[in-house]
Amino acid sequence: MKNVKKRPVNKTLYLSQVLLKANRLKMLSIAFVSAVFFLGVNVATAQEDQMEEDNYKAFNASGHLKNMHTWHGFVVHPGAVFATSLEYKTRNQKFTLGVWGGASLTSVDVINKDTGAYVNANYKEFSMYSSYHFSDKFFIEAVSHNNYTGVEERGDKLQYWSYDKTQGYNFVDLNFGYTIADNTLLYFATILGGGSGDYEVQTNGSLRNSWTHYFEVKSKVWEKEDYKLSVFAGGAWSFINDTSFYTEGVGNIINVGATLGKNINFGNYKMPVEVTAMWNPEKEKTVLQLDIMLF
């Protein structure tokens, strides 16, 4: 058998071919990894967008149980109240439109104008509100307060949509809120159009609107775990008349106090609870309000 002479190997050419194949493999690997990476990013982004879309809830409802109902230094109802709300919020959370209602578990006495006798009346309110947040710090709000407790019991005809200032249970206020620091809110409210008796009777019998203003400062002063303590002080006045909606004189401090909030834990469910100590220096009235948020 004839010996076949082997062809000498060109080491330089062989090495070049090996390197070329290695580079091609490297480029394919980089391309594969890049494709997987960008695919993963796109999938993750799509999932995040989907989650954001799924997390948006246009409508919400809440329910509160309170031992009494206070507002701007007033005890609106001295007994137990169940309060509910239903509201709509836009996706960007800037605009809110809602209704708030309260019904008491106890009654108060009112005088029937026809018989002169005292009759029992339960607290009833159905108020409407809207707000717009221009930023995290500044918002504007309009509220139509409709407290029609005892209207029919005292012998009057209930006209829910009437804003006749002499009826005494419907009025609108325009409010502004501004957060000057992370923990401090300034709140300013003005009653519009003399509603619910916010006026003064002139000598000629005409009614001059008071345009009562209410201003409150509220600041969180302590926080630890689920506990938060806030203090507040508010006053009311009229630039026009000798009395205001909230005060017996031109103006006075009417709402001073503190609110402690905490969560009561039932397994994984947290129930927010607030206790407010409120003092009205003008009326010399001090109360302790319990507010339990059921949902």
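Preceding this section is the structure that the text describes.
Reading guide: rules and limits
Residues numbered from 1 in each chain as written. Predicted model: local features only at pLDDT ≥ 70, side-chain atom pairs only at ≥ 80, totals over all residues. Heavy atoms only, no water. Core = buried A, V, L, I, M, F, W, Y, C linked by side-chain atoms within 4.5 Å. Buried < 20%, exposed > 50% of the residue type's maximum accessible area, 1.4 Å probe, protein only. Helix = DSSP H or I, 4+ residues; strand = E, 2+ residues; numbered from the N terminus. Pairing = 2+ DSSP bridges. Patch = residues over 30% accessible without salt bridge, like charges linked within 9 Å, V, L, I, M, F, W, Y side chains within 5 Å. Areas by Shrake-Rupley, 256 points an atom, 1.4 Å probe, with all protein chains shown as cover. Salt bridge = Lys/Arg side-chain N within 4 Å of Asp/Glu carboxyl O. Axes fitted to C-alpha atoms, helices over the stretch in contact; angles between N-to-C directions. Contact = heavy atoms within 4.5 Å. Lys, Arg positive; Asp, Glu negative; His and termini not counted. Polar contact = N/O pair within 3.5 Å; in protein donor to acceptor, adjacent residues only side chain to side chain. Phe/Tyr/Trp six-rings, centres within 6.5 Å; stacked < 30°, edge-to-face > 60°.

Caption draft 1: Focus on the nonpolar core. By size, the foremost hydrophobic cluster in this structure holds 9 residues: Phe139, Phe171, Tyr187, Ala189, Ile191, Tyr214, Ala236, Tyr246 and Ile254. Counting residues per element, this core draws most heavily on strand β9 (residues 184–192), which supplies 3 residues.

Caption draft 2: Examining the pairing of strand β3 (residues 74–77) more closely. Here 3 bridges tie strand β2 (residues 69–71) to β3, and the two strands are oriented antiparallel to one another. Each residue of the ladder has a partner; that of histidine 69, found in β3, is histidine 77. Counting the residues that bridge the hairpin from β2 to β3 gives 2 residues, and of these histidine 72 lies at a positive phi of roughly 50°.

Caption draft 3: Local environment of a nonpolar patch on the surface. On the surface, a nonpolar cluster with roughly 720 Å² of combined accessible area is contributed by Leu65, Phe82, Leu105, Ile264, Phe266, Tyr269, Leu294 and Phe295. Within the secondary structure layout, leucine 105 lies in strand β5 (residues 95–111).

Caption draft 4: Structural view of the sheet that holds strand β6 (residues 118–133). Here 12 strands make up a closed barrel; going around it, the order is β1-β4-β5-β6-β7-β8-β9-β12-β13-β14-β15-β16 and the pairing antiparallel. Across the sheet, the mean angle separating the axes of adjacent strands is 20° when strand polarity is ignored. Two strands pair when backbone bridges link them, and β5 and β6 are joined in this way by 14 bridges, in the antiparallel orientation. Pairing of aspartate 109 across the sheet is with asparagine 120, part of β6.

Caption draft 5: Seen up close, the environment of isoleucine 111. Note that isoleucine 111 resides in strand β5. Between the C-alpha atom of isoleucine 111 and that of alanine 121, which follows or precedes it by 10 residues, the distance is 9.8 Å. Leave out the neighbours within four places in its chain, and isoleucine 111 touches Gly116, Ala117, Tyr118 and Arg154.

Caption draft 6: Geometry of the side chain of aspartate 173. Along the chain, the position of aspartate 173 falls in strand β8 (residues 170–181). Within the buried core, aspartate 173 has no salt-bridge partner, and the shortest N-O distance to an opposite charge, that of lysine 66, equals 15 Å. Setting aside its immediate chain neighbours within four residues, aspartate 173 contacts Trp71, Glu141, Ala142, Val143, His145, Thr190, Ile191 and Leu192.

Caption draft 7: Expanded view of the environment of threonine 90. With respect to the secondary-structure elements, threonine 90 resides in the loop between β4 (81–89) and β5. Considering only alpha carbons, one finds threonine 90 and phenylalanine 59, 31 residues apart in sequence, at a separation of 9.0 Å. Excluding residues that lie within four positions of it along the chain, threonine 90 makes contacts with Tyr56 and Phe95. One polar contact links threonine 90 to asparagine 92, side chain to side chain, over a distance of 2.6 Å.

Caption draft 8: Up close: the pattern of salt bridges. For the coordinates displayed, the defined rule picks out 5 salt bridges. Across the pair arginine 154 and aspartate 156 runs a salt bridge, and its minimum N-O distance is 2.7 Å. In this structure, a network of salt bridges that share partners links the residues Lys113, Arg154 and Asp156.

Caption draft 9: Up close: the packing of aromatic side chains. Counting across every chain of the model gives 17 aromatic pairs. Relative to phenylalanine 134, the ring of tyrosine 132 lies with its centre 4.9 Å away and its plane at 75°, an arrangement referred to as edge-to-face. With relative accessibility at 33%, the residue tyrosine 132 sits in the partly exposed group. On the accessibility criterion, phenylalanine 134 (48% relative accessible area) is partly exposed. Relative to phenylalanine 239, the ring of tryptophan 237 has its centre 5.9 Å away and its plane inclined at 75°; by these criteria the two rings are edge-to-face. Under the relative-accessibility criterion, tryptophan 237 is labelled partly exposed at 23%. Taken together, Trp71, Phe74, Phe171, Tyr214, Phe245 and Tyr246 form an aromatic cluster joined through their ring pairs.

Caption draft 10: Inspection of the environment of serine 104 at higher detail. Within the fold, serine 104 resides in strand β5. Linking serine 104 and methionine 68, residues 36 residues apart in sequence, is a C-alpha distance of 8.7 Å. Contacts of serine 104, omitting those with residues within four sequence positions, involve His77, Ala80, Val81, Asn122 and Tyr123. A polar contact is formed between the side chain of serine 104 and the side chain of asparagine 122, at a distance of 3.3 Å. A distance of 2.8 Å separates a polar atom in the side chain of serine 104 from the backbone nitrogen of tyrosine 123.

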